[in-house]
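# Overview (structure and organization)
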Amino acid sequence: MSLRAELLAAWAVVVRNALMGMRNVFFFFELLFWPIVGVLSIGLMTRFLGLTPEQAAFVLVGTLALSVINVCQLEVAYAMLLDVWSKSVKHQFMAPIGVRHLTVGAWLVGMLRGLVIFVLLSALGAWAFDFHVLAPGLGAAAVFLFGCFLTSWIVGVAVCALITLFGSRAEAFAWASVNLVLVLAGIYYPVSVLPPSVAVLARAIPLTYFLDAYRAHFGFPAEFPAPIATGLAMSAVYAVLAHWAFRAAVERARRTGLLLKMSE
Amino acid sequence: MSPAAVALAIDAHEVTKTFRSGWLRRRETAALRGVSLTVERGAIFGLLGPNGAGKTTLLSILATLLVPDGGVARVLGLDVVRDTSALRRRLNMASGRPSFLWSLRVEEIVAFYARLYGLSGARLRRRVDALIEQYELGPHRRVPYSELSTGLKQRVALAKALVNDPELLFLDEPTLGLDPDVSVRVRRHIAELRREHGMTIVLTTHYMREADELCDEIGFIKSGRILARGTPDALKRQIGLGDVVALKLEPRPAWLGEVPGVLRCAEADGWIECTVDDADKRVPELLRALLADGVEIRNLQVREPELEEVFVELAR
């Protein structure tokens, strides 16, 4: 496949997901309502508990990550879910499209939506709670955001693989799996407060390191050495594994006939 | 590859497929039990058979949607398992129960698939416009898919199936659920595709008249095996159903079924339908016998058996 054809196939998915997203009645809730409710409720809770500005920033960083990852990951899962829901899986996989086009195209839309949420919530955080995401610098914020996007891609592609393996029965993973990852990664607390056995799992999640690195700029010493490098390296490995799993799931669905069943 | 093999759009040998289901109690369903099939380029080939015969399974294997368990299938000279990427660019499919993303509009659905086949910019717009015009979807181009009627959805599926100008087109029950007038237009269009574009078309259908009208050749599939294949006329002869002589007589003679060459007789709507081995030979003999017995012949019609009767015979 030529580079032009590769880009066009991914672009086709970008256009498709963007159009579907804009016509989704939940679009407003996903993009604005839930993220704003999240930041406001958590921010007000930090005020009620009388947390220091550093502690409030620690928690709000978690809220920000949760909102961005939730939306971006769901968009990646839509790469498969939209076709499962509309029973058009067979049309999709009869066309010259690979899982890379599906996931990358959906991820691009997810990143755009995630960026919009990040900007909105950052503005809200600054206005309502004096929490400034750019205080550590643009570079640090960008790396943190990129870490969130990488996590979203990995979880989203893994969800796509599960849906392709088990059909619409695995739909619940699309909403549930990311929350498990967020809980393990220390979304509102440092990994050190987790029980040792759970902390081992937390160390296997790239987001743990991106959160750690970003929070270090808000007065909390990093728990891990070279967290950004560790998070990136780990993400690369998981990204390859998730991609391989999705491809293998599609091939299995071709053998078992699930690809056709999902279109009936 | 031999020149003969290159002239074939489909060349499948002993293709098998078994579906397995259930975790604890494994169930196995043999969908294809060694299907061999060749289809020449530029032909319209019809695949007929009862529900669950294996038609869609075979079509799906040939369209790279399903991997066979055994056997070899080459489509347009390419292996359906090894050469999937190259093959998908050259074929396409439309099914009788089409389904696309519900809130995309007609033009967006066609454009989505056109992009997947490498079209962009002005070429993309021209192709989308041409297909929308060809299938008379102009007034509906901005209508969401979920709001279209069954007939319009089917037309969208056909437009999508032609977006890459395929060399081989699979049509899985293309007129299922369509109004008769729309079905006639779809059939006319299928014939045009072959006539004007030299496209090879493989279709499955439950409508015998459709197969009779459109197909150069027909394959009857049942329980995962192709039981018979040939031109519609050859199949009728091959099955040995004979010709049907329909008579309106007064009175009805009791001896009609005992005349040599008469295979069976049945009454329906005031007509006596006698199946004979050869109408040219038996009609004069029948007439002579009836006149000699003083039977009044009020009406007489001779017809070949319908493909439907061949189907019923084979599906028995």
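Model, not experiment: these values are computed from the prediction. (Residues numbered from 1 in each chain as written. Chains lettered and ligands numbered in written order. Predicted model: local features only at pLDDT ≥ 70, side-chain atom pairs only at ≥ 80, totals over all residues.)

### Concerning the pairing of strand β8 (residues 200-204) of chain B
Residues in a regular strand point their side chains to alternate faces of the sheet. All names here are of chain B. We count it as follows: Residue burial is a threshold on neighbouring C-beta atoms within 10 Å of the residue's own C-beta, all placed from the backbone, with 20 or more meaning buried, 12 or fewer meaning exposed, and counts in between meaning partly exposed. Working definition: helices are DSSP H or I runs of at least four residues, strands are E runs of at least two. Numbering for both runs from the N terminus. A strand pair is defined by DSSP finding two or more bridges across the two strands. Whether a crossover is right-handed depends on one test, that the path from the first strand over the helix to the second runs clockwise when the strands point away from the viewer.
Most of β8 sits inside the fold, with five of its five residues counted as buried. Covered by surrounding structure in β8 are Thr200, Val202 and Thr204 together with Ile201 and Leu203, the residues of both alternating faces. Note: strand β3 (residues 44-48) against β8, four bridges, orientation parallel. Among the inter-strand pairings, Phe45 is bridged to a residue of β8, identified as Val202. Across five bridges, the pairing between strand β7 (residues 168-172) and β8 is parallel. Opposite Leu169, over in β8, you have Ile201 as the bridge partner. With helix α7 (residues 180-197) bridging β7 and its parallel neighbour β8, the resulting β-α-β unit is right-handed.

### Overview of unusual backbone geometry
In terms of backbone geometry, most residues other than glycine have negative phi values and most peptide bonds are trans. Residues and elements named next belong to chain B. Look at the link from Glu250 to Pro251: it is a cis peptide, with omega at -5°. Mapped onto the elements, Pro251 comes out in the loop between β11 (243-250) and β12 (262-268). Its identity is not glycine, yet Glu173 carries a phi of approximately 50°, on the positive side. Inspection of the secondary structure assignment puts Glu173 in the loop between β7 and α7.

### Looking at the confidence of the model for chain B
The following threshold applies: The score called pLDDT rates the predictor's confidence residue by residue, from a low of 0 to a high of 100.
Counting all residues, the mean pLDDT for chain B is 87, and 92% of those residues have values of 70 or more. This prediction of the complex comes with two scores: 0.85 for pTM and 0.90 for ipTM.

### Observations concerning the interface of chain A and chain B
For the record, the criterion: It is the C-beta atoms, placed from the backbone, that decide contacts: two residues are in contact if theirs lie within 7 Å. Throughout this entry, Asp, Glu, Lys and Arg are counted as charged residues, while Ala, Val, Leu, Ile, Met, Phe, Trp, Tyr, Cys and Pro are counted as nonpolar. The remaining residues, Gly among them, count as polar.
The interface of chain A with chain B comprises 28 residues on the first partner and 25 residues on the second. Per element, the largest residue contribution to the side of chain A that touches chain B is nine residues, and it comes from helix α1 (residues 3-22) of chain A. Class assignment of the residues belonging to the side of chain A that touches chain B gives a composition of 17 nonpolar, five polar and six charged.

### Quick notes on the sheet that holds strand β14 (residues 296-303) of chain B
Residues and elements named next belong to chain B. Our working definition: Helix axes are fitted to C-alpha atoms over the stretch in contact, other axes to C-alpha atoms as well, and angles between N-to-C directions run from 0 to 180 degrees.
Here four strands make up an open sheet; going across it, the order is β12-β13-β11-β14 and the pairing antiparallel. Each having just a single partner strand, β12 and β14 make up the two edges of the open sheet. The mean angle between the axes of side-by-side strands here comes to 20°, regardless of whether they run parallel or antiparallel. The pairing of β11 with β14 spans seven bridges and is antiparallel. Bridging from a neighbouring strand, Val244 pairs with Arg303 of β14. Against the sheet, helix α10 (residues 279-292) contacts β11, β12, β13 (271-276) and β14, and its axis sits at roughly 15° relative to β11.

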